[in-house]
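# Secondary and tertiary structure notes
What follows is each chain in one-letter form.
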Amino acid sequence: MTHPSFPMDLHQVEVPPPQSFFNSLKYSLKETFFPDDPLRQFKNKPPSKKFMLALQYFFPIFQWAPKYTFHFFKSDLIAGITIASLAIPQGISYAKLANLPPILGLYSSFIPPLIYAMMGSSRDLAVGTVAVGSLLMGSMLSSEVNPNEDPNLYLHLAFTATLFAGVFQAALGLFRLGLIVDFLSHATIVGFMGGAATVVCLQQLKSILGLVHFTHGADIISVMRSVFSQTHEWRWESAVLGFVFIFFLLITRYFSKKRPRYFWVSAMAPLTSVILGSLFVYFTHAEKHGVEVIGELKKGLNPPSLTNLVFVSPYMSTAVKTGMVVGIISLAEGIAVGRSFAMYKNYNIDGNKEMIAIGTMNIVGSFTSCYLTTGPFSRSAVNYNAGCKTAASNIIMSIAVMLTLLFLTPLFHYTPLVVLSAIIVSAMLGLIDYEAAIHLFKIDKFDFVVCMSAYFGVVFGSVEIGLVIAIAISVLRVLLFIARPRTFVLGNIPNSMIYRNVEHYPNAKRVPGILILEIDAPIYFANASYLRERITRWIDEEEDRLKATGETSLQYVIIYMSAVGNIDTSGISMLEEVKKITERRELQLVLVNPVSEVMKKLNKSKFQNHLGEKWIYLTVEEAVVACNFNLRASKMNPKKEESEGWNSV
């Protein structure tokens, strides 16, 4: 008996042309570390042009400075002065948060912005100290050295930690390892920042209540115990002053948020608070009634600190650990902030160049009495709203801080610490992004769990514990995605040749006698065993369903592999086992659209030959047509023991 004519022309899945190991390795490394192809601009250029492009790559100032105009200068001047008015009080406040002398906050707002202006690729990032980084550095270093008992050693450790943070950051950029920062997911950062902000706010109760003795612990239980065990030492004068300035700062921020044209009101509020608080203390002598003041700030520019770096045991290990942790956190914050504002202005920033720039400014900063700096959101938002055009706004800010260091530091003598605490609290409340947490809950419950784990880990444990918990859960999720990939049963959309997930499209019809499965991830050693068991279970469930409904018995198992980007030897062994399982059940295994990398390995492993080229198809449509053809042919010729593939037609 003759077979019916085959209904359509079929396309064979090709094995990709052979490629040398060197070329394959080169391609893999390029895709892993150079997805943006930074060397593209150097092609077919003379040596002099290549040198200039290299100079512009590492120092973007040579790219925008020749095009700089007076119009840009006017905008950057206003923006620079505005962010300086915020940077000066914030710098002093955040230095206290890190248990460091207040003057270091001003030092850190002078040198690092100059470095970033030359090397940074963001037009909007305003560089300076950050609250979370300050808190993290303070908590990690104070666990090793008490800042009150040995302030010099603590200070030198802070410089050393800043050096290692900078080296680590710059190395990540130079070796194109920014993917490490990607493990800090959005959910992790939201929870971590919120938890750190909560802890920072709680720790400000020391200055707001005028307490002298306070816990060194950062968790909420230690802080609350310390606060309520000293109710007899609370100073109402300090508390009233603190809450008045917190209210003032929050009102100005609310006003500027509602009326963006008046952004400068919120930006000027911290400096205004410092001036008003200093005048109040000066004329009322409040320092004699429990209101602590900053005291004398040393005039002059940054002294060198290269000789103060600590490279001896056991302190060096603490500095390295602290530097790596705060370096990662500050990188994540700085790059995220830079990318956010770049998106608003429709330009791109290079994450690896940003790492080199931030790392270099921290290395240089550690040599010039600065501690950890990055691009904080609050200062960058003010810079953006003030209309900055280039990174020159950082230079203007740096000059303003320099003039303050040279001539104005004595004016901060009477600045009450409670005002600095009020500035910190008002800034930190903006980092508790409850709206983002609610959004995460609505969109992805697992991300919400990650966020809350980070938050409660920081609040009830420590900053380090919260960070470790959040990263561990995020990595666990990645491993679950790899180890437990999704598999779907595909059905035919009526009146079409389209095949889709039957759970997603309830109207999709299963093809009689054929089970079509889709694997939605690469096949590796981590998921090979799971996929073998899951495919076997799909076959069992399909056979049970067919027996219950009395439909045509199962004859073919089609695996759609378009989403399988790669496969290793364990994955190939899994396919071989699945082939044996289907053979024992008198079923035929069929593969659809293995991508080039997968096809190459199937060919080298001889699995392609064992399966037979006639059972590898380009599309699900072609595979179904071929299987149906063979089903009809076997019915017309029941003595035929093995159905024939399309090559025999």
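As recorded by an unreviewed UniProt entry, the protein carries the name STAS domain-containing protein and is attributed to Psophocarpus tetragonolobus. Annotation of the protein in UniProt includes, under Sequence similarities (unreviewed entry), the sentence "Belongs to the SLC26A/SulP transporter (TC 2.A.53) family." You can read under Subcellular location (unreviewed entry) in the UniProt record for the protein the words "Membrane".

Looking only at helices and strands, one finds 26 helices and six strands in the protein. Oriented by its inertia axes, the alpha-carbon framework of the protein measures out at about 110 × 65 × 55 Å. Sorting the 649 residues of the protein into buried and exposed places 51% on the buried side. Summing over all exposed atoms, the protein offers an accessible surface of approximately 31000 Å²; the carbon and sulfur share of this is 62%.

Right, let's talk about the pairing of strand 3 (residues 514-519) for a bit. Across the six residues that make up strand 3, a large majority, six, are buried. Relative to strand 3, strand 1 (residues 487-492) is paired through three bridges, and the arrangement is antiparallel. Paired with F488 across the two strands is E518, which belongs to strand 3. Bridge count between strand 3 and strand 4 (residues 556-560): five bridges; the pairing is parallel. Residue pairing for strand 4: L515 is matched across the bridge by V557. Viewed along the sheet, the connection from strand 3 through helix 22 (residues 525-549) into strand 4 turns out right-handed.

Our focus in this paragraph is unusual backbone geometry. Residue P314 is reached from S313 by a cis peptide bond, and omega for that bond is 5°. Its identity as a non-glycine residue notwithstanding, N346 has a phi of 60°, on the positive side. Given the relative accessible area of 72%, N346 is considered exposed. Positive phi outside glycine occurs at N593, with the angle close to 50°. Relative to the assigned elements, N593 resides in the loop between strand 5 (588-592) and helix 24 (596-604).

Split into domains, the protein comes out as domain 1 (70-478) and domain 2 (484-646). Taking only C-alpha atoms into account, the centre of domain 1 sits 56 Å from that of domain 2.

I92, L100, L104, M137, F192, Y371 and M428 are the most contacted members of the largest nonpolar core, which totals 104 residues. Considering each element in turn, this core owes the most residues, twelve residues, to helix 8 (residues 151-174). Beyond its immediate chain neighbours, meaning those up to four positions away, Y371 contacts Y94, A95, A98, L100, L104, S108, T129, S134, M137, T162 and N362. Within the second largest apolar cluster, 52 residues are counted, among which are I493, A508, L515 and V564.

Turning our attention to the pairing of strand 4. For strand 4, the buried fraction is high: four of the five residues fall into the buried class. Where strand 4 meets strand 5, five bridges bridge the pair, whose relative direction is parallel. Counterpart to Y556 in the pairing with strand 5 is Q588. Crossover handedness for the path strand 4 to helix 23 (residues 569-584) to strand 5: right-handed.

Quick notes on the rules
- Numbering of residues begins from 1 in every chain and follows the order in which that chain's sequence is written.
- A pLDDT threshold of at least 70 governs which residues receive local features in this predicted model, and a stricter bar of 80 or more applies before side-chain atom pairs are shown or counted, although totals over entire chains, interfaces and linings include all residues.
- Hydrogens are left out, water is left out, and the side-chain values use all remaining heavy atoms of the structure.
- UniProt positions are given in the numbering used here, feature names are shortened, and annotations may be inferred rather than shown by experiment.
- Every helix listed is a DSSP run of H or I at least four residues long, and every strand listed is a run of E at least two residues long, numbered separately from the N terminus.
- Residue burial is assigned from relative accessible area. The probe radius is 1.4 Å, only protein chains are included, and a residue is buried under 20% of its type maximum, exposed over 50%, and partly exposed in between.
- Note on areas: Shrake-Rupley, 1.4 Å probe, and residue coverage restricted to the protein chains presented here.
- DSSP calls a pair of strands paired once it identifies at least 2 bridges connecting them.
- Seen with its strands pointing away from the viewer, a crossover is right-handed when the path leading from the first strand over the helix to the second is clockwise.
- Where a domain begins and ends is set by an automatic assignment or by a domain database.
- Working definition of a nonpolar core: buried Ala, Val, Leu, Ile, Met, Phe, Trp, Tyr and Cys residues. They are joined through side-chain atoms within 4.5 Å.
- By definition, residues are in contact when any of their heavy atoms lie within 4.5 Å.

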